[in-house]
Amino acid sequence: MTGGVRLPRYRLGDGVRDVLGKEITERLRDSELDSDADAAILAGVGAYALRAVLPGLLLDALETFPVGGSHALLLTNLPGQDFPPTPVTGYGDEPALAVVNALHFGLLRLLGTTPFAVSYENKGRLIRNVVPNPEAAGTTSSWGADSEFFWHSDNPHLPFGEPGSDPRLFVPRYLSFYAVRNHERVPTELTPVEGVAEGLDSWHRRLLESPHFTVGAPASNDPEATERPLEHTPLLETGPDGRHRIRYDQGTTRALTDDASLALEAFQEMLTTIPSTGLVLDEGDFMVFDNYRVLHRRRAFSPHPVVAARWLRRCYAS
């Protein structure tokens, strides 16, 4: 069976972190920039400062990540700023977070990716605050806490993308996160598709590659805007690059034949035993992973009080 998640890890030295934070803060001093209306400006400010300050080897690692074969990338000890209490309603004052937004969008630009949002989730906003929203109690959502968010890929009810096309119409290629706080020490767990696919026997794998499944939108999406599932689709495919890619959400994936049901059961059983990598993201950590080639999950946890509850900031990119 193929090994675990290929995850290069990098850490900024304290001096580099401080210079980077100063560069971005000074360039944003007299501006008020919103993460949606002014994303391109924020990305430009962040990318300029990152290119000016980061070591060349790290810049090369970021620029080559999308073609290098790694499943994910972790960059720690990034600058922060003065943060407000966790916005557990899901939405907060975006202009007040311009420094970390410039970092986030700047890193996505260095990765050669385009940030985007979808209209049927998160009110169409680029940044999703991954927080324990009390209104999401009991749901398997990025706003939940008390229910396990089982292995899944994001937006699996969409087709896989085509280069040069509108990314909003397809499965997001990358999920990126900037961690504001995670005092609860909740890990984000990742497992590579290759390990799942190669752990199955050939009969089950061929069935998963057959168009005998229906996959709906996850619970975090607006049901009125995503009421039509993706029908007669395979769960497992081989992409143009020769690598496995997957679509899956436990709550919305259904088999259409008896044999497909057996393959789905075998797949779900394997997911209960598959090796995984758990990343506890701390303040100032940035992570990006390939949503085609990685399944992820978050176990149930008890959040801290509102002012200090877990807070990650997620953005799709393709």
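One can find the structure itself at the top, above this paragraph.
Let me begin by describing the structure that accompanies this report. (Residues numbered from 1 in each chain as written. Predicted model: local features only at pLDDT ≥ 70, side-chain atom pairs only at ≥ 80, totals over all residues. Heavy atoms only, no water.)

**Concerning the packing of helix H1 (residues 14–27) against helix H2 (residues 39–53)**
Convention followed: Lines are fitted to the C-alpha atoms to define the axes, a helix being fitted only along its stretch in contact, and any angle between axes, read from their N-to-C directions, falls within 0 to 180 degrees. Where helices and strands are cited, they refer to DSSP runs of H or I of at least four residues and of E of at least two residues respectively, numbered from the N terminus. Crossings are sorted by hand: turned counterclockwise from the far helix by less than a right angle, the near helix makes the crossing left-handed, and turned clockwise it makes it right-handed. Contacts are assigned to residue pairs that have any heavy atoms within 4.5 Å of one another. Throughout, the ten residues Ala, Val, Leu, Ile, Met, Phe, Trp, Tyr, Cys and Pro are labelled nonpolar, Asp, Glu, Lys and Arg are labelled charged, and all others, Gly among them, are labelled polar.
Packing of H1 against H2 brings their axes to within 10 Å, and their N-to-C directions diverge by 145°. Handedness of the H1/H2 crossing: right-handed. Here Val 16, Val 19, Leu 20, Glu 23, Ile 24 and Arg 27 of H1 come into contact with H2, specifically with Val 45, Gly 46, Tyr 48, Ala 49, Leu 50 and Val 53. Among the residues making up the contact of H1 with H2, the classes are represented as nine nonpolar, one polar and two charged.

**Let's talk about the sheet that holds strand E12 (residues 253–255)**
Here is the rule we go by: Two strands are said to pair when DSSP picks up at least two bridges between them.
Read from one edge of the open sheet, three strands run E9-E8-E12, paired in antiparallel fashion. With one partner strand each, in any of the chains shown, strand E9 (230–233) and E12 form the two edges of the open sheet. Neighbouring strand axes in the sheet, compared pairwise and without regard to direction, differ in orientation by 20° on average. Sheet analysis places strand E8 (residues 213–215) next to E9, joined by two bridges and oriented antiparallel. Across the sheet, residue Val 215 finds its bridge partner in E9, namely Leu 230. Sheet strands in contact with helix H7 (residues 258–271) are E8 and E12, and its direction is about 135° off that of E12.

**Quick look at H2**
Formally: Expected helix span is given by 1.5 Å per residue-to-residue step, counting one fewer step than there are residues. Partly exposed describes any residue whose relative accessible area lies between the buried limit of under 20% and the exposed limit of over 50%, with all areas from a 1.4 Å probe on protein chains only and scaled to the type maximum.
The first and last C-alpha atoms of H2 sit 21 Å apart over 15 residues, in line with the 21 Å expected at 1.5 Å per residue. Every buried residue belonging to H2 is among Ala 39, Leu 42, Ala 43, Val 45, Gly 46, Ala 47, Ala 49, Leu 50 and Val 53, and all of these are buried. Taken together, the buried residues of H2 touch H1, helix H3 (56–68) and helix H4 (98–110).

**Considerations on the sheet that holds strand E5 (residues 149–152)**
Pairing is antiparallel in the open sheet, where four strands are placed in the order E5-E15-E7-E13. Here the strands that pair on one side only, and so sit at the sheet edges, are E5 and strand E13 (277–279). Here the average twist between neighbouring strands, direction ignored, is 20°. Taken together, the four bridges between strand E7 (residues 188–192) and strand E15 (residues 294–298) define a ladder with antiparallel strand orientation.

**Description of the packing of aromatic side chains**
Threshold: Paired rings are identified among Phe, Tyr and Trp, the last through its six-membered ring, by centres lying within 6.5 Å, and are further divided according to the angle between planes into stacked (under 30 degrees), edge-to-face (over 60) and tilted (the rest).
In this structure the tally under the stated criterion is six aromatic pairs. Plain terms: the ring middles of Phe 160 and Tyr 292 are 4.8 Å apart, the flat faces sit at 70° to each other, and that makes the pair edge-to-face. Note that Phe 160 is positioned in the loop between E5 and strand E6 (174–181) and Tyr 292 in the loop between strand E14 (286–290) and E15, a separation of 132 residues in sequence. Assessed through its relative accessible area of 7%, Phe 160 is described here as buried. Between the aromatic rings of Phe 177 and Phe 289, the centroid separation amounts to 6.2 Å while the plane-to-plane angle is 20°, which identifies the pairing as stacked. Pair noted here: Phe 177 is in strand E6 and Phe 289 is in strand E14, with a separation of 112 residues, a long-range link.

**What to know about the pattern of salt bridges**
This is how it is decided: When a carboxyl oxygen of Asp or Glu is within 4 Å of a side-chain nitrogen of Lys or Arg, the pair counts as a salt bridge.
Under the criterion given, the structure shown has 17 salt bridges. The closest approach of N and O atoms between Arg 247 and Glu 237, which form a salt bridge, is 3.1 Å. On the criterion of sequence distance, the pair formed by Arg 247 in the loop between strand E11 (244–246) and E12 and Glu 237 in strand E10 (residues 236–238) is long-range, its members being 10 residues apart. Overall, the relative accessible area of 2% leaves Arg 247 in the buried class. Looking at Glu 237, the relative accessible area reads 19%, which means it is buried. For Asp 241, the salt bridge goes to Arg 243, with nearest N and O atoms at 3.7 Å. According to the relative accessible area criterion, Asp 241 is partly exposed, its value standing at 43%. Its relative accessible area of 27% is what places Arg 243 among the partly exposed residues. One salt-bridge network, held together by shared partners, links Arg 6, Arg 173, Glu 194, Asp 290 and Arg 293.

**Structural notes on unusual backbone geometry**
Here Asn 122, not a glycine, exhibits a phi torsion of approximately 65°, which is positive. Assignment of secondary structure puts Asn 122 in the loop between strand E3 (115–116) and strand E4 (128–130). Positive phi, normally seen in glycine, also occurs at Asn 155, with a value near 50°. Examined against the element boundaries, Asn 155 turns out to sit in the loop between E5 and E6.

**What to know about the nonpolar core**
Put simply, the rule reads: As used in this record, nonpolar core signifies buried Ala, Val, Leu, Ile, Met, Phe, Trp, Tyr and Cys residues forming a set joined through side-chain atoms within 4.5 Å.
Counting 46 residues, the largest nonpolar core has Leu 20, Leu 28, Leu 78 and Phe 105 as its most contacted members. Secondary-structure elements contributing two or more residues to this core are H1, H2, H3, strand E2 (72–76), H4, E6, E14 and strand E16 (311–317). The greatest single-element share of this core, amounting to nine residues, is contributed by H4.

Treat this as a map of the structure, not an account of what it does.
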